[in-house]
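So the chains spell out like this:
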Amino acid sequence: MTDRADLLQGTLDLLILKSLVAGPVHGWGISKRIRQLSEGVLEVGQGSLYPALYRLADRGWVTAEWGESAGGRRAKFYTLTAVGRRRLEEERASWRLFSGAVEQVLEAT
Amino acid sequence: MKWLGRSLRRIAGLLRRAPEREMDEEMRLHLEMEAEELVRTRGLAPEEARRQAAIAFGGVEHYKEAVREARPVRPLEDLLRDASHGVRSLRRSPGFAAVAVLTLALGIGGTAAIFSVVRGVLLRPLRYPQAESLVTVWSRFLPESGFDFPTFPVAPPEFWDYREENRSLAELAAFSTVGVTLTDGEAEPQRVQGAMVTGNFFHTLGVDAALGRVLGPGDDPPGGSRRVVLGDGLWRTRYGSDPDILGRSVIVDGEGFEVVGVMPPGFAYPSGETVVWGPIGLDPANRSNRGAHFLQLVGRLAPGVSLSEARAELGTLMSIWESEYPEIHTGHFLVLNSMMDDVVGSVRGTLWVLLGAVGFVLLIACANVASLMLGRNEARRQELAVRVALGAGRRRLIQQLLTDSLVLALAGGALGVALAWAGMRAILSLGAGTIPRADAVALDGAVLLFALGVTLLTALLFGLAPALRGGAQSPGAAIREGGRGGTGGRGGTRLRSGLIVAEVALAVVLVAGAGLMIRSFERLTAVDAGFRPEGLLMAQLALPSRDYGDIASVAAFHSQLATRLGALPGVVSVSGASDLPLYEAPPNVDFEIEGMPPTGPGQPARSGDLVFALPDYPATMGIRMVEGRFFTPSDDVEAPRVAVVNRTAARMFWDERSPIGSRIRTAGDPDRAWSTVIGVIEDVKWAGLDAEHRQAYYMPVAQPAWRPSTLYYTLRVAGDPLALGPAVRRSVAEMDRRLPVIRLSEMDALVEESLARPRFVMVLLTLFGAVALSLGAIGIYGVVSYAVTRRRRELGIRMALGAGRGSTAGLVLAQGMRLALVGVGLGLVVAFATTRLMAGLLYGVSPTDPLTLAAVCGVLLAAAAGACWIPARRAVRLDPVAALRIE
C-alpha cells in the first residue's frame, strides 16, 4: 500500500465533486476515475465513497438518478448541481491555499 | 407480542425498503464492476476476481451502517427499527416481559381507572350552560347554636330580601324538595321525588324542555298553579313516552296537574332522582316567617362577577341584616357556594387521596420495572458491548434501550387501559350511592390521553436510569469478562438497591394508608348505634295528604296497620317513627321548657331533633330506656300530651335533674300545647355512625304537633326479616290499595349502606396497599436472588472454607433486610408527612396512629424477610464444588 496515498481528511468531497465535472457517473465510475486521474495513487475506499455520496446528495451538491450503464445495467448516476459546482470552486481554492502553504513549509530550508 | 413485532417490522420496512434496497443494489453493482475490472486488467478468474473485490470492499453491513449514519436522522424510522428489535429481544425473555408488562399494566390501569372517576366527578363541568357561574345559597348558624350544618335551608323572607338586595347575581331561584305519590291511570301508585320551584328555576339553570316548555314566572303566582314538568325517565317508564302527554292531567298526591313539558334525558336537579317539577307558589308579599327554613337556593352569577365578589357583597348584606333583625340574624347568616362544590364537595378529598395513592402504586411499579431492566441489562452486558464494538454510538445505544422501555410501557399501557376499563366499572359499582355524578364517569378521550401520557412518562421513569447505565458500556471490559459474574455491576447494583429502598418506602406509605383505613373502619363498625339492627325489617310509607288530610285519620291508619302487622306470623313487635337511624335524620326543631326563659340572641338555641314515634319504639328497635316509660297505645289524641327526651337532651337542658314531669312544647305546633316528659331514652346514631350524638325529643304519632309526611315502620322479626316482605306489602294493600310501600329493607342492610363510603375507601386503599406490598416483595426478591446468582462463586468459596449454613443464609438475608430497613425508615418519614392528608377520612384513629404504623412496619419487614428467604435457601443449598466449577 506504500504506492498509494491515504486521503487527507476533507479532500474526498473535493475529489468526488471534481470527478463529476465531466458529467454524470455512477459510484464505481467515480472511484475508477479518481484512481485513473491520480494514476493509481489515490484509492477511494468504497466504505468512504458511498457515505460521502449520500452526504453530498443530502447537502444538495449532487443529485442521484437511476439510469442505464454502458454495459446495459441499472446503475445510480450522480450529477453535479449548480450548488455543488460553486462548492467545488470553494474547495478547490482552499485546497490550493492549503497545499501551497504545505509546499512552502516543506521547501523552506 | 409476535404480531406486534411483525407489524412494527413491516411498517419500518415500508419506510426503509426503498433506500435500503437501492443501497444494496448500488453496492452489488460496485462489486460486480470491480470484479469485471479485475478480470479485464489482471486476467483473474471470475471467481477469484469476485473474491478479491469483496475483500477490497470490506464489510458491507459496516458500510451500510456508515451510510445510514451519514444521512440525516430519521427519528421515526430509527424508532420503528429499534421498536421491532425491542419486541424481538423481549420475546427472547418472555418471563421478564410478562412480569414487566403486568406490573406496568397494574400501575397504569389503576391510575387511569381512578383518574377516570376523578375526571368525571371533579374535573368535568356540570351539565348546564356556563355551569361555572352557578351558585347555591344556604343558611348557616354559629357552631355554638348546636345546628352548625354546612347546608341548612333558607327561609322565604331571606330569599326574597337577598334576591332584591343583591347586585352580584343575574338570577336567584328557590325550590323545595318533596316526595310525591303518582296515582293516575291504571298504573301502580308510584312514589317519586319532586321539586317545587320558583318561576325562574329553569331559566337560572339555563335548561329548556325537550318536549313542550319549562315552567316560567307565569306558572308560579302566589299559591302556585296546577302545572308540572316531567323528567325524561318518568315520562318513558310511567307514560310510555307518550308524545301527546302535553296538556294531559297527571295525579300528584291526589290532585290533578297539567303536564306542560318533558325535560331532556340526563336532567335531574336537585337530586338524581328528581322527576317532577311543580310551582312552589311563594308570596313575595309575605315576609313574616323568617324562621321557617325550608328553601334551597340556586343562582347564577352576573356576567363578570366572581364568586369571591358575590361573597363579599353577601357579607356586607349580612351585617346589615344583623342590625335590622338582631333577634334572628345574630349568629345566623347566608353563605354562597359554587354549585360544583356543593355537588362533589363531600367526595373531593376522598378521590384526591385515592388518586395520590394509586400514583404511588404506579411509582412502585416503575421502580420495580426499572430494577428488573437493570438486572436484565446486566445480563445483556455482553450483547450491548458487542453492539458498541460494532460501531453503535452511546447515543444510539441509549436510544435503543429507551425504545425497549417504550415498547414495554406501550404494551403495559394497552393492557392497562383494558384494566382501567374493568377497574372503573368495579370502582363505580363498589362506590354506588356514595359517588355523586357517577353517570359522568367514562373512559373517554381525555382519560385515554391521560393513560397515554402516563405510559410515556412511565417509560421515561423506569427506562432512563437503566438506559443511561446500559449506554455507558466499555466494550473491552464487558467482553473480556465474558459474562462472568465479575464485579462490573457494582454501580448497577447500587442503583437497584436505591430503587428497592424507594419501593419499600412507598409501600410503607400505602400500607399505612390501608392500615389506618382498616382501623378506622373497625372503630366505626364497633360504634354502638344505640339500637339493635339485626332481625329488624323496615317498611317506609307516606300517606298522601288528600286521602289522609286530618290528623285523626292518620293516627287511626297507623294504629290499625301496626295491629295488622303485629299479627303477622314471626313478628315479635311492631313500631315506627317519622325518621330512621342511620338512614334519615330527624329535623332540628326549637322547643320551650315550661318555666325556663327563652335563650337570648347568639346563645345556643333550645332545640332538638324531633321524632314522631309509634308506641313500643324502644322495645322494637332495641333502644334502652334510661328512665321513665315510652308511649303506649293509650297515649292517643284524647289523652294528655306526652313526650320523651333522649339522654343528651336531658343532660343538656335539665343538667343533673330528671326531666320527667317537666313540660315542653315544640316551636312548630300551631296549638302551642304543652307535653309532659314521661321518659328518657338512650341516644341513637341518627345521622351516621361517625356523627356525634345530638339532643332529640320524641312525640307520639297519635298526638302530632303536625303530620309527619313519612313513617318508617320497624318490625322485629324471629327468622329472616325479608321473608316477611310480601306479607307486609299485602297488609298495606289491604288497608289502602293506592298506597305504595316506598322502601322495604332489612335494617342490617341499611347499616351496611351507611358504611358504603368508608368501606369504598378502605377496600381501594387495601387493594393498593396489597399491590404495593407484593411489588415491593417481588423487587426485594429480584435483587437478592440476582445477588445470590452473581455471588455463587464467592458463597461457594465461603462454604468451602467452612462457613456454616446459618452464616451463609444470614449473609443473604442481611443484604435484603438492610434494604428493607432503610426503606421502612424512609417510608415512616414520608407516611408521617402524607397520612395527615387523609385525616378527614378517618374516624377515631389519628393519622399517625403509632399502633398502626408499628403494625405496618412489621408487615413490611415480614414480607421482606419472606422475599429474602427463598434466595437465602437457594444459597444455603449451593453445592460449593458445583458453584466453583460453574465459571
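Positions within a chain are numbered from 1, following the residues in the order the chain's sequence is written. To label them, take the chains in the order written and letter them from A, then take the ligands in the order written and number them from 1. The predicted nature of this model means local features are confined to residues of pLDDT at least 70 and side-chain atom pairs, given and counted, to a pLDDT of 80 or more, with totals for whole chains, interfaces and linings taken over all residues.

Student: Just checking my understanding: could you explain the overall build of chain A for this structure?
Tutor: Here a helix means four or more residues in a row that DSSP labels H or I, a strand means two or more in a row labelled E, and each is numbered from the N terminus. Within chain A one finds four helices and three strands. Listing the helices and strands of chain A from first to last along the sequence gives α-β-α-α-β-β-α. Principal-axis analysis of the C-alpha atoms places the extent of chain A at approximately 55 × 30 × 20 Å. With C-beta atoms placed from the backbone, a residue is buried if 20 or more other C-beta atoms are within 10 Å of its own, exposed if 12 or fewer are, and partly exposed between those counts. Residue burial in chain A is summarised as follows: out of 109 residues, 28% are buried.

Student: Explanation requested: the overall build of chain B in the structure shown.
Tutor: When helices and strands are counted, chain B shows 26 helices and 21 strands. The C-alpha atoms of chain B give a radius of gyration of 38 Å, which is well past the 29 Å a tight globule of 887 residues would have. Taking the principal axes of the C-alpha coordinates as reference, chain B spans close to 135 × 70 × 60 Å. Looking at the 887 residues of chain B, the share that counts as buried comes to 43%. For every residue pair, C-beta atoms are placed from the backbone, and the pair is scored as a contact if these atoms sit within 7 Å. Here the contacts in chain B between residues at least 6 apart in sequence split such that 83% fall between residues at least 24 apart. Our radius of gyration looks at C-alpha atoms and nothing else; its globule reference is 2.2 Å times the residue count to the power 0.38.

Student: Which parts of the structure should I look at to understand the packing of helix H5 (residues 94-123) of chain B against helix H11 (residues 339-379) of chain B?
Tutor: Between two packed helices, what matters for the description is the angle formed by their axes and the separation of those axes. Residue and element names in this part refer to chain B. At a minimum axis distance of 9 Å, the contact between H5 and H11 shows a crossing angle of 165 degrees. Between H5 and H11, the crossing angle belongs to the class labelled roughly antiparallel. In this structure, H5 meets H11 at a crossing whose hand is left-handed. By residue class, the composition of the contact of H5 with H11 is 24 nonpolar, six polar and two charged. Axis definition: a line fitted to C-alpha atoms, over the contacting stretch in the case of helices. Angles run 0 to 180 degrees between N-to-C directions. Between 65 and 115 degrees an angle is taken as roughly perpendicular, under 35 as roughly parallel, over 145 as roughly antiparallel, and anywhere else as oblique. By the definition used in this description, the sense in which the near helix is turned from the far one sets the handedness, with an anticlockwise turn below a right angle giving left-handed and a clockwise turn giving right-handed. Note on residue classes: Ala, Val, Leu, Ile, Met, Phe, Trp, Tyr, Cys and Pro are nonpolar, Asp, Glu, Lys and Arg are charged, and everything else, Gly too, is polar.

Student: Looking at this structure, how should I read the sheet that holds strand S3 (residues 74-80) of chain A?
Tutor: Paired through backbone hydrogen bonds, the strands of a sheet run either parallel or antiparallel to each other. All names here are of chain A. In short, DSSP must find at least two bridges between two strands for them to pair. Read across the open sheet, the three strands follow the order S1-S3-S2; overall the sheet is antiparallel. Each end of this open sheet is capped by a strand with a single partner; those strands are strand S1 (25-26) and strand S2 (62-68). Bridge count between S1 and S3: two bridges; the pairing is antiparallel. Across the sheet, His26 pairs through a bridge with Phe77, a residue of S3. Packing of helix H3 (residues 46-59) onto the sheet brings it into contact with S2 and S3, and relative to S2 it is tilted by some 115 degrees.

Student: Just to check I follow, could you spell out helix H24 (residues 805-834) of chain B for this structure?
Tutor: Three or four residues apart is the spacing at which side chains of an α-helix point the same way, because the helix has 3.6 residues per turn. Multiplying 1.5 Å by the helix residue count minus one yields the expected span of that helix. The end-to-end C-alpha distance of H24(B), which contains 30 residues, comes to 42 Å, matching closely the 44 Å that a straight helix rising 1.5 Å per residue would cover. Considered for burial, the residues of H24(B) that qualify are B:Thr808, B:Val812, B:Gln815, B:Gly816, B:Leu819, B:Ala820, B:Gly823, B:Val824, B:Gly827, B:Leu828 and B:Ala831.

Student: Hey, could you run me through the environment of B:Phe450 in this one?
Tutor: All names here are of chain B. Checked against the element boundaries, Phe450 lands in helix H14 (residues 445-471). Between the alpha carbons of Phe450 and Tyr239 there is a distance of 42 Å; along the sequence they are 211 residues apart. Those residues in contact with Phe450 that lie beyond four places of it in its chain are Ala112 and Phe115.

Student: Could you clarify how one ought to interpret the nonpolar core in this entry?
Tutor: The nonpolar side chains of soluble globular proteins are, as a tendency, buried together. All names here are of chain B. The term nonpolar core means buried Ala, Val, Leu, Ile, Met, Phe, Trp, Tyr and Cys residues held together as one set by C-beta atoms within 7 Å. Counting residues in each nonpolar core, the largest one holds 119 residues, and the members touching the most others are Val361, Val504, Val508, Leu510, Ala772, Ile780 and Leu860. Here this core gets 19 residues from one element, more than from any other, and that element is H11. Setting aside residues no more than four positions away along its own chain, Val361 makes contact with Gly107, Gly110, Leu510, Phe768, Val771 and Ala772. Counting residues in each nonpolar core, the second largest holds 62 residues, with Leu565, Ile678, Tyr698 and Met699 among its members.

Student: What is the right way to read the environment of B:Glu26 from this model?
Tutor: Within the element layout of this structure, B:Glu26 appears in helix H1 (residues 2-42). Sequence spacing of B:Glu26 and B:Ala459 is 433 residues, and the spatial spacing of their C-alpha atoms is 39 Å.

Student: What's the story with unusual backbone geometry in this structure? I'm lost.
Tutor: As a rule of thumb, non-glycine residues mostly have phi less than zero, and peptide bonds are mostly trans rather than cis. Residues and elements named next belong to chain B. Looking along the chain, the bond that leaves Tyr269 and enters Pro270 is cis, with omega of 10 degrees. By secondary structure assignment, the location of Pro270 is in the loop between strand S7 (255-262) and strand S8 (274-279). Positive phi is not limited to glycine here, since Gln130 has a value of about 40 degrees. The residue Gln130 is located in the loop between H5 and strand S1 (134-141) in this model. Its identity is not glycine, yet Arg437 carries a phi of approximately 60 degrees, on the positive side. With respect to the helices and strands, Arg437 occurs in the loop between helix H13 (394-430) and H14.

Student: I would appreciate a short explanation of the confidence of the model for chain B in the present structure.
Tutor: Interpretation of the predicted coordinates at a detailed level should be avoided for regions scoring low in pLDDT. Residue and element names in this part refer to chain B. Model confidence for chain B is summarised by a mean pLDDT of 84, while 90% of its residues fall at 70 or above. Throughout residues 482-488 the model reports pLDDT below 50, and contacts reaching past four residues in sequence, or to other chains, amount to eleven contacts. Scored by ipTM, the complex comes to 0.79, with pTM at 0.72. What pLDDT reports is the predictor's confidence in each residue, on a scale of 0 through 100.

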